Amino acid sequence: MRSFITVPAKTLAKNPKSIALWVTTTLYAFLSVCVIFSRNKSLSHPKKKSLLEAYTTQTLFSPVPPKMSDISSHMNLDDAQVASIVDGLRTTFKSGKTRDRAWRIKTLKTFQRMMVEKRAEMQAALKADLNKSPEQSWLTELNLVEQDIQLALDSLDEWSTPTSVDTDIVNILGYGQSEIHYDPLGIIAIYGAWNYPFILTLQPIVGAIAAGNCCLVKTPSPNYSKNSAECMLRICNQYFEQD
């Protein structure tokens, strides 16, 4: 039986573009098989919970206040504790600290340094939770986050520069000009997932910081990615500002 990635040799010879497509499809299929067979235990989706229950029973952290101490203090948070965290983030955002270009660059570089210096710890956590090899962890999760951080650093000035747009006839007569200014939203809620815990949790933080936002992050389910969730809380507590 022919597989879905089988391509006739004549087709490849006549159309060079088919070679690239075939190589890409083959590589994708190979990586998919690696992901499926790299686990030595059966994993199932966690039971569905209400939004409030899922929100208040997982670990929470943020790159800015409140101060983080240990993992246990961020488990099973009640409504009042979550509200206090959000209030702290709002206070920080209203101060204008996260809007500052220098702060954003500094925080992104700290993020970048964390990804490099703590790479081995993150790979060990993924091995313990999902039996991912160090190579697979780097290829499918950690390296992609590092690339996004570098992209944000390289593009921050361009992204934050106002864009000139057409002005209607009424305002042109009054010597008016029109621009689009890119302003941060404020507080970004990010929900991590257990099957790709680092990329699905850390990657959205890159854009949020680059835009000048505060982040409220729910780490992946401790039922399936406990080591990864604990690792993220521990290293973020070490590298990100707590004031």
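These numbers come from a predicted model, not from an experiment.

Moving on, we come to the overall build of the protein chain. The secondary structure content of the protein chain amounts to 10 helices and five strands. Classification of the 243 residues of the protein chain by burial places 38% in the buried group. The long-range fraction of contacts in the protein chain, counting pairs at least 24 apart against all pairs at least 6 apart in sequence, stands at 72%. Here the protein chain has roughly 14,200 Å² of accessible surface; of this, 59% comes from carbon and sulfur atoms.

A few words on the packing of helix α6 (residues 119–130) against helix α7 (residues 134–160). Contact geometry of α6 with α7 gives a least axis separation of 10 Å together with a crossing angle of 125°. Classified by the interaxial angle, the pair formed by α6 and α7 is oblique. For α6 against α7, the interelement crossing comes out right-handed. On α7, the residues touching Arg119, Met122, Gln123 and Leu126 of α6 are Pro134, Ser137, Trp138, Glu141, Leu142 and Glu146. In the contact of α6 with α7, the residues fall into five nonpolar, two polar and three charged.

Rules used in this analysis
Counting from 1, residues in each chain are numbered in the order their sequence is written. In keeping with the model being predicted, local features are shown solely for residues with a pLDDT of at least 70 and side-chain atom pairs are shown and tallied solely at 80 or more, while totals for entire chains, interfaces and linings include all residues. Calculated side-chain values reflect all of the structure's heavy atoms, with hydrogen atoms and water omitted. Secondary structure is summarised from DSSP: a helix means a run of H or I of at least four residues, a strand means a run of E of at least two, and numbering begins at the N terminus for each. Remark: exposure states derive from per-residue accessible area (1.4 Å probe, protein chains only) relative to the maximum for the residue type, with buried under 20%, exposed over 50%, and partly exposed in between. Any two residues whose heavy atoms approach within 4.5 Å at even a single point are treated as in contact. Methods summary: accessible areas were calculated by the Shrake-Rupley approach with a probe of 1.4 Å, and residue burial reflects only the protein chains presented. Lines are fitted to the C-alpha atoms to define the axes, a helix being fitted only along its stretch in contact, and any angle between axes, read from their N-to-C directions, falls within 0 to 180 degrees. For this classification, under 35 degrees means roughly parallel, over 145 means roughly antiparallel, 65 to 115 means roughly perpendicular, and everything else is oblique. For any helix crossing, the convention is left-handed if the near helix is rotated counterclockwise from the far helix by under a right angle, and right-handed if that rotation is clockwise. Residues are grouped as follows: Ala, Val, Leu, Ile, Met, Phe, Trp, Tyr, Cys and Pro are nonpolar; Asp, Glu, Lys and Arg are charged; every other residue, Gly included, is polar.

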